[in-house]
Amino acid sequence: NKAIPFDLPVVPSKAEIPTAKLERARTAAGFWHTEISVLHGAVIAGVPATFGRLRWPHLISKVVLPGGRVIIPERPESRRIMPKSHARQLGAMMARTVSPIGSGRRGFINRRGYPYLGNFKVAGKTGSLSRRNPRLSYSWFVGFAPVDKPEIAFAVLLGNPPKWRIKASSAARMLLT
């Protein structure tokens, strides 16, 4: 419910956390009471990648002026929002998502069992929702890579017509190729 500090203006994500157990569970699963942006999804995916620290996204890492002088833009301080041990456990669960038994495997492992990205390991979380009018099937994938030394956190959200065209895990793989 707060703006994300970013190089460009962004609309804040919204979350209403109900007290009723069923509604709270639905909210936790992303079914009701939330409107999360793709940028916010990437921010959340970055938390296990940084061992529990919240870091804000940026477009520009540095500016090199004529003559070679380098300017590093100011960024908001990162802060711990999750214990390291929990972040490691969450990261390990996300890595299993793209393993041969995970829900995101088809985006990262071909039908013969070979990884599309070779030894470049990705961690992620899949999600899907649908809307009736107009009929769209949403496919989410948030993640970070590489697993052993994360450099990027990302999010993909696709809205497909009734017949799937592409899932977000496949689009995420293409993003990383």
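Not measured: the values here are computed from a predicted model.

Asks: What's the story with the overall build of the chain in this structure? I'm lost.
Replies: Looking only at helices and strands, one finds 5 helices and 9 strands in the chain. Secondary structure elements in the chain, listed N-terminal to C-terminal, are β-α-β-α-β-β-β-β-α-α-β-β-β-α. For the chain, the C-alpha atoms occupy an extent of roughly 55 × 45 × 35 Å along the three principal directions. Here the chain holds 177 residues, and the buried ones make up 29% of them. Taking all contacts inside the chain whose residues are at least 6 apart in sequence as the whole, residues at least 24 apart take part in 47%. Total accessible area on the chain is roughly 12200 Å²; 57% of this is exposed by carbon and sulfur atoms.

Asks: I tried to follow the sheet that holds strand S9 (residues 152-160) on my own but got confused; where do I start?
Replies: For sheets, the rule is that strands pair by backbone hydrogen bonds, running either parallel or antiparallel. Ordered in space as S7-S8-S9, the 3 strands form an open sheet in which the pairing is antiparallel. In the strand order of this sheet, the two ends are held by strand S7 (123-131) and S9, each with one partner. Across this sheet, the average inter-strand angle for adjacent strands is 10°, counted without regard to direction. Note: strand S8 (residues 136-145) against S9, 9 bridges, orientation antiparallel. The residue of S9 that forms the bridge with Gly143 is Phe154.

Asks: I tried to follow the side chain of Asn160 on my own but got confused; where do I start?
Replies: With respect to the helices and strands, the residue Asn160 is situated in strand S9. Engagement of the side chain of Asn160 in a polar contact is seen with the backbone oxygen of Ile166, the distance being 2.8 Å. Each residue touching Asn160, except ones within four places of it in the same chain, is listed here: Arg135, Leu136, Ser137, Arg165 and Ile166.

Asks: How should a nonpolar patch on the surface be read in this particular structure?
Replies: Among the surface-exposed residues, Leu8, Leu59, Ile60, Val63 and Ile71 lie close enough to one another that they form a single nonpolar patch of about 420 Å² accessible area. The residue Ile71 is located in strand S5 (residues 70-71) in this model.

Cut-offs used in this document
- Residues numbered from 1 in each chain as written.
- Predicted model: local features only at pLDDT ≥ 70, side-chain atom pairs only at ≥ 80, totals over all residues.
- Heavy atoms only, no water.
- Helix = DSSP H or I, 4+ residues; strand = E, 2+ residues; numbered from the N terminus.
- Buried < 20%, exposed > 50% of the residue type's maximum accessible area, 1.4 Å probe, protein only.
- Contact = heavy atoms within 4.5 Å.
- Areas by Shrake-Rupley, 256 points an atom, 1.4 Å probe, with all protein chains shown as cover.
- Pairing = 2+ DSSP bridges.
- Axes fitted to C-alpha atoms, helices over the stretch in contact; angles between N-to-C directions.
- Polar contact = N/O pair within 3.5 Å; in protein donor to acceptor, adjacent residues only side chain to side chain.
- Patch = residues over 30% accessible without salt bridge, like charges linked within 9 Å, V, L, I, M, F, W, Y side chains within 5 Å.
- Salt bridge = Lys/Arg side-chain N within 4 Å of Asp/Glu carboxyl O.

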